[in-house]
Amino acid sequence: MDADLKMLVKGLNFFYDNFHALKNISLDFQASHVTALIGPSGCGKSTFLRCLNRMNDLIPKIRVKGKVLLDNQDIYDPSVNVAILRSRIGMVFQKPNPFPKTIFENVAYGLRVSGIKDKTFIADRVTESLEQAALWNEVKDRIYDSALELSGGQQQRLCIARALAVKPEVILMDEPASALDPIATQKIEELIHQLKKTLTIIIVTHNMQQAARVSDTTAFFYMGNLIETDKTDILFTKPKLKQTEDYITGRFG
Amino acid sequence: MTNQFALPSIKYRKFKQAVFFTLLRFAAIINGTAIAIILFFLLKNGYKVINWTFLTQPPMDSMTRGGILPCIIGTLYLSLGAIVIALPIGIISAIYLNEYARSGRVLRIIRLGINNLAGIPSVVFGLFGLAFFVIYLKMGVSILAGALTLGLLSLPVIIGATEEALKTVPETYREASLGLGATRLQTIFRVVLPCAMPGILTGAILGISRAAGETAPVMFTAAVFFTPDLPSSIFDEIMALPYHIYVLATAGTEIETTRPLQYGTSLVLIALVFGMNLGAILLRAHLKRRMHI
């Protein structure tokens, strides 16, 4: 496996009961790269994203076939500890979902559940993560206030800080800006640019401009199939397939 | 530009709305009136007997004078005991049902059991408590047997309230917690339960305060006609407010003379139940503030 490859998906099939939601998907994720997953609603891109940190395990009656490798190790191997896996592959959700706790406790949560008790270590990591998520300056005087008092955009950056605090290697983002206004969206996109220096980022988005702005590689999904994947500037300017071209130019979807 | 054809129709719709809202308002007012009438009736007939002696002395002269302290203490002990017994079992059951159990035959059977438990008349609980706790387990007529019976009686309410409270915790909190590497157990204890706790405690206390006023289960398992002594252990028999009212109103030779005492005792019982409910509301407000909800 290529040293720059962080994750590799090989022949992934996913079933909800009898519904074949993902059909034989194979896709690589480069380290320190942003990969965007695009496609119309219901195409399977969010399901695919949730396969990458086994978030789908929670749903009854699902089946997963195929391989998902993280640093050459299959994450669906029975020996894998799912909790540790999810601390290595962080996730940011569509709607900001901070816990009804203080800003501090939100960011400290992942550290606490992993068993860390050292107070100075936790405090330092909280500060560092909030700085990394470009939120520190806005909240440094009120980190013991409720996280629910923050604006939507701030809440989403808090959720990113919360994910960063456990030092993940990969971050999955499921339409992280779709519930935010344009200015908050811009801040999230700037953040993604900063974060990809040290992290591998996989982002699902409905917004083609956003995919073009933030990603290095784009993958187009349709009806549970991976239709085309390429470097973002190539996929958006010279797509190989008519189907891809139709979608990115807005002729269907 | 006005649409002249729409005018009569909008008038008619507004009229319909006014009629309907008036009906709704009346339905709501009936509730308020009912409680007001009951309270007024009790206050009017019972307020004269409420004084310090009534609240701090045992009954005297064949229960025609004196106070009801043993009954107050008895009912408090029974309620407290029922909470201690039913709250943990109820909460744990609800967590299992709502957070762990996968839908299937076993879950359906358990739910059927809980729903039927809720439908059992309280006198049957009393008889069961007598047969099982008092006689079979040799607890005797005691606080323990009464508290267990009342606890059992309030279990379905507590399970129901807890499940409702757990359902109000957004799925996104669970996902966020799991996504950060927490186990399901950590997610339940650190995120789900704290969020649901205000609702759980309110529901539980409401359930217990309902049970505290039950007469039948208590008269089979815990209460006696008369005892001047306050209990010294959980195996002691006690007096209880609801049973005392029943005794005064039906079984004495001085039913008419003790009428004011009956109303006074009812007032104290209602005050106790309202007090518990108020406590539940205050507790919920306090927890919500602390939880930053």
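Structure: see above.
Residues numbered from 1 in each chain as written. Chains lettered and ligands numbered in written order. Predicted model: local features only at pLDDT ≥ 70, side-chain atom pairs only at ≥ 80, totals over all residues. Heavy atoms only, no water.

> Please give an account of the overall build of chain B that cites residues and values.
A count of helices and strands for chain B gives 11 helices and 2 strands. A globule of 293 residues ought to have a C-alpha radius of gyration of about 19 Å, yet chain B, at 24 Å, is considerably larger. Within the span of chain B, comprising 293 residues, buried residues form 41% of the whole. For chain B, the share of sequence-separated contacts (at least 6 apart) that also reach a separation of at least 24 residues comes to 75%. As displayed, chain B has an accessible area near 16,300 Å², and 69% of this comes from carbon and sulfur atoms. Side-chain charges in chain B split into 23 positive and 12 negative, and the spacing between the mean points of these groups amounts to 17 Å. (Helix = DSSP H or I, 4+ residues; strand = E, 2+ residues; numbered from the N terminus. Rg over C-alpha atoms; globule rule 2.2 N^0.38 Å. Buried < 20%, exposed > 50% of the residue type's maximum accessible area, 1.4 Å probe, protein only. Contact = heavy atoms within 4.5 Å. Areas by Shrake-Rupley, 256 points an atom, 1.4 Å probe, with all protein chains shown as cover. Lys, Arg positive; Asp, Glu negative; His and termini not counted. Charge placed at Lys NZ, Arg CZ, Asp CG, Glu CD.)

> Break down the overall build of chain A for me, with residues and values.
Along the backbone of chain A there are 10 helices and 10 strands. Computed over the C-alpha atoms, the radius of gyration of chain A is 18 Å, within 12% of the 18 Å expected from 2.2 N^0.38 for a compact globule of 253 residues. Judged by the C-alpha coordinates and their principal axes, chain A covers about 55 × 45 × 35 Å. The buried share among the 253 residues of chain A stands at 55%. Taking contacts inside chain A between residues at least 6 apart in sequence as the whole, the part at least 24 apart equals 67%. Roughly 11,100 Å² of accessible area belongs to chain A as shown, and the carbon and sulfur atoms make up 50% of that amount.

> An account of the sheet that holds strand β9 (residues 217–222) of chain A is requested, with residue identities and associated values reported.
Within a sheet, neighbouring strands are paired by backbone hydrogen bonds and run either parallel or antiparallel to one another. All names here are of chain A. One open sheet accounts for 6 strands, arranged β6-β7-β8-β3-β9-β10; its pairing is mixed. Unpaired on one side and paired on the other, β6 (89–92) and β10 (225–231) mark the two borders of the sheet. For this sheet the average axis-to-axis angle between neighbouring strands, irrespective of direction, equals 15°. As paired elements, β9 and β10 share 6 bridges and run antiparallel to each other. Looking at the pairing, Thr 218 lines up with Asp 230 of β10. Each of β6 and β7 (170–174) is contacted by helix α6 (residues 152–164), which is oriented at about 170° to β6, the strand it contacts most. (Pairing = 2+ DSSP bridges. Axes fitted to C-alpha atoms, helices over the stretch in contact; angles between N-to-C directions.)

> Which residues make up the nonpolar core, and what values do they have?
Core analysis: the largest hydrophobic core is formed by 94 residues, its most contacted members being Met 7, Leu 37, Phe 48, Leu 52 and Ile 202 of chain A. Broken down by element, this core gets its largest block of residues, 11 residues, from helix α8 (residues 184–212) of chain B. Discounting chain neighbours no more than four positions away, the residues touching Met 7 of chain A are Leu 27, Asp 28, Phe 29, Leu 52, Val 68, Leu 69, Leu 70, Ile 89, Val 170 and Ile 202 of chain A. Listed in part, the 45 residues of the second largest apolar core include Phe 104, Ile 171, Leu 180 and Ile 192 of chain A. (Core = buried A, V, L, I, M, F, W, Y, C linked by side-chain atoms within 4.5 Å.)

> Can you break down the pairing of β6 of chain A residue by residue, with the values?
Residue and element names in this part refer to chain A. With burial as the criterion, each face of β6 is covered, one bearing Ile 89 and Met 91 and the other bearing Gly 90 and Val 92. The pairing of β6 with β7 spans 4 bridges and is parallel. In the strand pairing of β7, Met 91 is matched with Leu 172.

> Report on empty space enclosed by the protein, specifying residues and quantitative values.
All names here are of chain B. Tallied over the entire structure, the rule returns 1 cavity of 30 Å³ or more. Empty space within the largest cavity amounts to approximately 40 Å³. Phe 54, Pro 59, Met 63, Arg 65, Gly 66, Gly 67, Ile 68, His 244, Leu 248, Leu 261 and Thr 265 together form the lining of the largest cavity. Elements with a minimum of two residues in the lining of the largest cavity: β2 (65–66), α10 (241–250) and α11 (259–291). Grouping the amino acids of the lining of the largest cavity by side-chain chemistry returns 6 nonpolar, 4 polar and 1 charged. (1 Å grid on protein atoms, 1.4 Å probe; cavity = no way out; pocket = protein on both sides within 12 Å on 5 of 7 lines; lining within 4 Å. Points joined across faces, edges and corners; volume = space filled by probe spheres on them. Nonpolar A, V, L, I, M, F, W, Y, C, P; charged D, E, K, R; others polar.)

> How would you explain a nonpolar patch on the surface if you had to name every residue and give the values?
Residues and elements named next belong to chain B. Together, Tyr 12, Phe 15, Val 19, Phe 20, Phe 21, Leu 23 and Leu 24 give the surface a local cluster of nonpolar side chains, amounting to about 740 Å² of exposed area. Locating Phe 21 in the fold gives a position in helix α1 (residues 6–46). Its relative accessible area of 42% is what places Phe 21 among the partly exposed residues. (Patch = residues over 30% accessible without salt bridge, like charges linked within 9 Å, V, L, I, M, F, W, Y side chains within 5 Å. Salt bridge = Lys/Arg side-chain N within 4 Å of Asp/Glu carboxyl O.)

> Run through helix α3 (residues 103–113) of chain A, naming residues and quoting values.
The buried fraction of α3 of chain A amounts to 9 of the 11 residues, a majority that puts the element mostly inside the structure. Of all the positions in α3 of chain A, only Ile 103, Phe 104, Asn 106, Val 107, Ala 108, Tyr 109, Gly 110, Leu 111 and Val 113 of chain A are classed as buried. Tucked inside the fold, the buried residues of α3 of chain A contact α4 (119–132), α5 (136–139) and α6 of chain A together with α7 (171–179) and α8 of chain B.

> I'd like to hear about the sheet that holds strand β4 (residues 62–70) of chain A, residue by residue, with values.
All names here are of chain A. Here we have 4 strands laid out as an open sheet, ordered β2-β1-β4-β5, and antiparallel in their pairing. If you trace the sheet from one side to the other, it starts and ends with β2 (19–30) and β5 (73–74), each paired once. Pairing between strand β1 (residues 5–16) and β2: 8 bridges, direction antiparallel. Bridging across to β2, Phe 15 finds its partner in His 20.

> Before we move on, could you go through the layout of surface pockets and cite the residues and values that matter?
Considering only enclosed or pocket space, the largest pocket measures out at about 780 Å³ in volume. Lining the largest pocket are 28 residues; nearest its centre among them are Leu 58 of chain A together with Glu 99, Arg 102, Glu 171 and Arg 184 of chain B. Going through the elements one at a time, α2 (82–88) of chain A together with α3 (69–100), α6 (143–167), α7 and α8 of chain B are the ones with two or more residues in the lining of the largest pocket. Looking at the lining of the largest pocket residue by residue, the class counts come to 13 nonpolar, 4 polar and 11 charged. The space that makes up the second largest pocket amounts to roughly 400 Å³. Around the second largest pocket, the lining is made up of 14 residues, and of these Ser 209, Arg 210, Gly 213, Ile 270 and Val 273 of chain B lie nearest the centre.

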